[in-house]
Amino acid sequence: MSNATTPATVSLADTLPARCRLELRDLKWHVLSPADLCENLQTTITGGLSPTQINLATALYGWNTHKPPPSRLAHKIFMYCFGGFGSLLLVGGVLCLIAWRPLGNPPAAANAALGIILIFVFFIQAFFNAWQDFTSSRVMASITSMLPDDCLITRDGIQVTVAATELVPGDIVHIKLGDKIPADLRLVDASTDLKFDRSILTGESKPFPATVDFTDNNYLETHNIALQGTHCVCGKGTGVVVDTGEKTVFGKIAKLSSQPRKGLTNLQREILRFVLVIVSLVVFVDALVIILWATWLHKDYPDWINVPLLVVDCVSVAVAFIPEGLPIALTTCLTITAGSMKRNKILCKSLATVETLGSVTLICSDKTGTLTKNKMFVTNFSIADQRHEIPYHSETPSPAVEKLAAVAGLCNNGHFDAATAHLPLEQKKINGDATDQAVLRYSESIGPVEELYRRWRKVYELGFNSKNKFMLTIIESEEEEKQEYTLMMKGAPEILLSRCNYVLRPDGTTTGLSAQWKRKLQQFQVEWATEGKRVLLLAQKTLPKAQIVSTPNTVAYSDEVLAAATDLVVVGLVAIVDPPRSETPGVIDTLRGAGIRVFMVTGDFKHTAAAIARACNILRTPTGLVDDFTALEISSNSSMDPANEKHPGSFGGAIVLEGPEIMTLNQSQWDQLAKYEEVVFARTTPEQKLRIVREFQARDEVVGMTGDGVNDAPSLKQADVGIALGSGSDVAIEAADMVLLDSFDGIVGAVRSGRVVFDNLRKTIAYLLPAGSFSELWPVMINVLFGLPQNLSSFLMIIICCFTDCAGAMIMAYESPESDILTRGPRKIRSQHLVDRKLLFHAYGFVGILECTCSMAMSFWHMQRRGLPFSAIWLRYGNLGPQYSTEFVTQVVNEGSSVYFVTLVVMQFFNLMGTRTRRLSLFQSPPIGKKETQNLYLFPAILFALAIAFIFNYIPALQNIIGTTQIQVEYWFLPVAFGIGLLSLDEGRKFCVRKYPNGFLARMAW
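Heads up: these notes are all about the structure in this document. (Residues numbered from 1 in each chain as written. Predicted model: local features only at pLDDT ≥ 70, side-chain atom pairs only at ≥ 80, totals over all residues. Heavy atoms only, no water.)

## Observations concerning the overall build of the chain
Tallying secondary structure elements over the chain gives 37 helices and 28 strands in all. On the principal axes, the C-alpha backbone points of the chain span a range of 125 × 70 × 70 Å. In the chain, which comprises 1006 residues, the proportion classed as buried is 56%. The contacts in the chain between residues at least 6 apart in sequence include a share of 74% that link residues at least 24 apart. (Helix = DSSP H or I, 4+ residues; strand = E, 2+ residues; numbered from the N terminus. Buried < 20%, exposed > 50% of the residue type's maximum accessible area, 1.4 Å probe, protein only. Contact = heavy atoms within 4.5 Å.)

In structure tokens, the structure reads:
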């Protein structure tokens, strides 16, 4: 006997705090009969509440809303302050103050000033982090309010749609597949397949079955209570609102229903990686300086660097490496992105997710409601071998047509909204999914649906789902007592044909469903499907009541009904068109041009899926060249893959697969499939969609998934970026990272924004590193290694990093996308990082060396002109001889420091103009005069940097504290010549990159 045990089912009661369990112990809604329940709440199942009762209940119970969740303010403040480089800045500031006092002997005012400015920068960065969080959260909150949050209820005898926040106890709520439960409900009607996803409360994804009768004395475990925040994943039902707002189970445990996915996004990983690299460099160089001082300088040159100066040198190294402008630039980038998202009506649960979308290499898109309008209508129908078009022109429809219309109207989950009953048929609102709406509208065009409802009563219903791919209804006559039911089915022809043995002929008689009839029906299906139409088969049979012996609304009853659903009569076929969104073909072409493959993943018939994919430009390969399952070899060498044979060395070819085929693919076949350019997956189930996403992720694809239905939710969660439409189901919106509130073309703007965020952050780093890192490090290193005076003071380093360069870094966030932003491929996240060897080579090996060399040369040239030659200070370690007084040397070095500072500041203006583009010339992308590329913030940033340089060099009070001096006018203009030279060299580099895209410089380009 096996000792293995099955995993225990998660009990919701066990997940709640003891206080919540005590509060819920006395609830008895679930044990009351529907009649007693309605009496207690003064409502009726058929009529609901009256307007007077609604007003009284709203005054008594309030709105159906929750208090905001805890803000975790202390944790947020901590992360604002100490996230990123904050801790290094604070430690550096404290160390400088310690170097001032008590270590300073005598105390140096410059050290105190440096410490104060570092602590000031620490708070400035914390402020910017908080500001970014506040502004982006505010923008996202304003977009969130646009999300649909309506529910269908019965009030005053009429079905109406109201906002979930307006519900009160006693309201009658109608639930269908995909709905999010808006309040705690006591079920009074439930299909046998009604199930809820309670994972948001229990963490368990197994669907929770629902019934009308109570099954457990525990309020949390009984199956006749639908809890707020859970989702309907199967079936339909009706419930009476028993609790709202804070009184619901969801409200009591105060758990949010739409939390962002845990873990770091690609952008957050890149920022963290960069921070770790910088911190590692700081630790390494500081350790090197301390070791050199302890083992060499302190022994051989004890008067050269004392302990306070060593502390300041170590802090200077940290200041040199830390790009203090990066957090401000990141804040600006994300704030701008938030505004862009709002303008494009895109909701991101985390703004950093936008950058991940910019890295997406593959988008798996659902068809219905995503690529198409989800506004379906019937265009054709057939009775046996006779085909008809809509509108159907006949004053007296034949009995066969009337029978088809009856099945269409009664085997249907949709119903007309009473508020629009007086409008023409095309304008009447129908509650239900798009397919049911189309079929019901067709039925109404043949004859009044209300007449069908009057004559027939629905006994049982099994709703359509993505696994069964059919709907089943049992009805009985309201006009006369009969000992028989009528069983009706509607669904995919290839699924239902096997259950049929007869076919209805146009004259109203039936005949056996021969092979010839089947071929005819299949021919109609293929012909309509190749036109992009969804084809449904409608069937029925007479079912003796005595054949079903189980109790209604039980699993056994459902099993008996399904077993009896054979030997059916094919009543007819209907063809439904769901036209592509007008913007879809253009969006697909744009995404393809951006190097993003778009695959269709749908539950539709193979030919329908292929036709819609062709209309959407997903399939462009001629029909005769599109592969199928047989093209995938069971064991294949990659060089012989079918896609590679057509397009060696790149993606190529097209293939259409069906769901059952997907589950048979081995790893070799998935490898071959991953090399196709155009792929359509048809007749897929949720499990197959999930596998598709996982298999492509395993092959280093960054996968985006778009969808709007319940069956898309698992794959939306699994994808690197899940994208739902605002018109989609609550389940899909809940699972997605991003919601397109307006139209599908919003995805192009989101991709562009994601790439711009990454590009502009790279440009910001490429701009900051040459002056704010490389050129600031070497004055410290030559001071330690070669005994030269530090010809750029630590204080001026901070001024460059936090003021003059910060202005440029901030305006870099406002740079427009480069012209190739949507014509180049997505970055490879495993190899192309925010900071890589190419960027470091450009920042350090090209721009950094030029700026550092020019600044060094200008500084030491000035010292020589002032009577302190380079030979007098080289390897002297402070022993300059009696002819050079300490006061003279200090004055000249301070002047040299100011010259170094001004040279760097001025050259950075030209670096800023050059770094705006990676490949385009300044004349192709001017900052002024060309609307598409202009960035008018560039000039105020330059003026701001100049003003800062003047303030710290020319105000006497500041000169005395931080050791700066006035400098001669030529030291302002000579750096302009150096800057022009730097910009000219960069323009030459870009020219070579454009002219020789495969050359050495192009391969080295960042």
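## Some details on the environment of V739
Tracing the chain through its elements places V739 in strand β28 (residues 738-740). Note on V739: relative accessible area 1%, which makes it buried. Note: C-alpha distance between V739 and L716 (23 residues apart in sequence) is 11 Å.

## Some details on the pairing of strand β1 (residues 150-155)
For a regular strand, the rule is simple: side chains alternate between the two faces of the sheet. Burial analysis of β1 places 5 of its 6 residues in the buried class, which makes it a mostly covered element. Between β1 and strand β2 (residues 158-163), which pair antiparallel one after the other, the connecting turn spans 2 residues, and D156 there sits at a positive phi close to 55 degrees. Relative to strand β3 (residues 172-175), β1 runs antiparallel, the two sharing 3 bridges. Residue pairing for β3: L152 is matched across the bridge by H174. (Pairing = 2+ DSSP bridges.)

## Details of the pattern of salt bridges
Using the criterion set out here, one finds 37 salt bridges in the structure. Close ionic contact of R824 with D820 constitutes a salt bridge, the shortest N to O distance being 3.1 Å. Like D820, R824 is buried. Note that R866 and E895 form a salt bridge whose closest N and O atoms lie 2.7 Å from each other. Note that R866 is positioned in the loop between α31 (837-865) and α32 (870-873) and E895 in helix α33 (residues 886-915), a separation of 29 residues in sequence. Among the charged side chains, a salt-bridge network with shared partners connects D759, K763, E818, D820, R824 and R918. (Salt bridge = Lys/Arg side-chain N within 4 Å of Asp/Glu carboxyl O.)

## Quick word on the pairing of strand β9 (residues 237-243)
A large share of β9 lies buried, amounting to 7 of its 7 residues. Pairing geometry for β3 and β9, over 4 bridges, is antiparallel. Considered in β9, the bridge of I175 is made with G237. Bridge analysis of strand β4 (residues 184-190) against β9 gives 6 bridges, and the strand direction is antiparallel. Within β9, the residue paired with A190 across the bridge is G237.

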